[in-house]
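Examining the three-dimensional arrangement
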Amino acid sequence: MGRRVALAAGVGALLGLVWWGVFGLIASGAVCTKDDYGCLGTAVMTVPIFTVVAAVAGWLALRAAKVPRPWLAVPATLMAVATTVFFALGYFWAAVPIFAVLYALAAVVTTPRS
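All of the points below concern the structure found in this document. (Residues numbered from 1 in each chain as written. Predicted model: local features only at pLDDT ≥ 70, side-chain atom pairs only at ≥ 80, totals over all residues. Heavy atoms only, no water.)

Quick look at the side chain of T110
Residue position: T110 is located in the segment after helix 4 (95-109). Engagement of the side chain of T110 in a polar contact is seen with the side chain of R4, the distance being 3.1 Å. Not counting chain neighbours up to four residues away, the residues in contact with T110 comprise R4, R69, W71 and L72. (Helix = DSSP H or I, 4+ residues; strand = E, 2+ residues; numbered from the N terminus. Polar contact = N/O pair within 3.5 Å; in protein donor to acceptor, adjacent residues only side chain to side chain. Contact = heavy atoms within 4.5 Å.)

What follows is the structure, encoded as structure tokens:
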């Protein structure tokens, strides 16, 4: 179980790092215009797209690592995105530990029982 939790936490941390980077670029105005709420619109459109892409990427990464029940990436991604949007939106750096912890927690909760 330790390997499974460590791999899940690692995948979660990487996805959190990507989340941090994407929203850091949006907040800086590097990929959008700050006129007429352009960056806000970009951020609002990015959240559902990132959620789907991150859930699929997490599932593929865990499946490639031969982790049992790799679908844990789907609820972990949904919880991590919801947590960062509702509680830590202004603190993009918080996405890394939030994703890592929620992926590890999902790995523990979904561990196959004998």
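Once you've had a look at it, read on.
Quick word on the nonpolar core
W19, L62, L72, F99 and Y103 are the most contacted members of the largest nonpolar core, which has 29 residues in total. Every element with two or more residues in this core is listed here: helix 1 (2-28), helix 2 (38-64), helix 3 (73-87) and helix 4. In terms of residues, this core owes the most to one element, helix 4, which gives 8 residues. Each residue touching Y103, except ones within four places of it in the same chain, is listed here: A8, A9, V11, G12, L15, A54, G58, L62, L72, A73, A76 and T77. (Core = buried A, V, L, I, M, F, W, Y, C linked by side-chain atoms within 4.5 Å. Buried < 20%, exposed > 50% of the residue type's maximum accessible area, 1.4 Å probe, protein only.)

Examining a nonpolar patch on the surface
Taken together, the side chains of L14, L17, W20, Y91 and W93 make up a nonpolar region of the molecular surface, amounting to roughly 590 Å² of accessible area. Summarising the element assignment, L17 is placed in helix 1. Relative accessible area serves as the criterion here: at 45%, L17 is assigned to the partly exposed category. (Patch = residues over 30% accessible without salt bridge, like charges linked within 9 Å, V, L, I, M, F, W, Y side chains within 5 Å. Areas by Shrake-Rupley, 256 points an atom, 1.4 Å probe, with all protein chains shown as cover. Salt bridge = Lys/Arg side-chain N within 4 Å of Asp/Glu carboxyl O.)

Re the packing of helix 1 against helix 4
Put simply, helix 1 and helix 4 touch, their axes get as near as 7 Å, and they point 150 degrees apart. Looking at the two axes, helix 1 sits roughly antiparallel to helix 4. For helix 1 against helix 4, the interelement crossing comes out right-handed. Where helix 1 approaches helix 4, its residues R4, V5, A8, A9, V11, G12, A13, L15, G16, L17, W19 and W20 are matched on the opposing element by A95, V96, F99, A100, Y103, A104, A106, A107 and V108. For the contact of helix 1 with helix 4, the class distribution of residues is 18 nonpolar, 2 polar and 1 charged. (Axes fitted to C-alpha atoms, helices over the stretch in contact; angles between N-to-C directions. Parallel < 35°, antiparallel > 145°, perpendicular 65-115°, else oblique. Left-handed = near helix turned anticlockwise from the far one by under 90°. Nonpolar A, V, L, I, M, F, W, Y, C, P; charged D, E, K, R; others polar.)

Some remarks on unusual backbone geometry
Despite not being glycine, K66 has its phi angle at roughly 60 degrees, a positive value. Mapped onto the fold, K66 is located in the loop between helix 2 and helix 3. According to the relative accessible area criterion, K66 is exposed, its value standing at 68%. Unlike most non-glycine residues, R69 shows phi in positive territory, near 55 degrees. When you line up the elements, R69 lands in the loop between helix 2 and helix 3.

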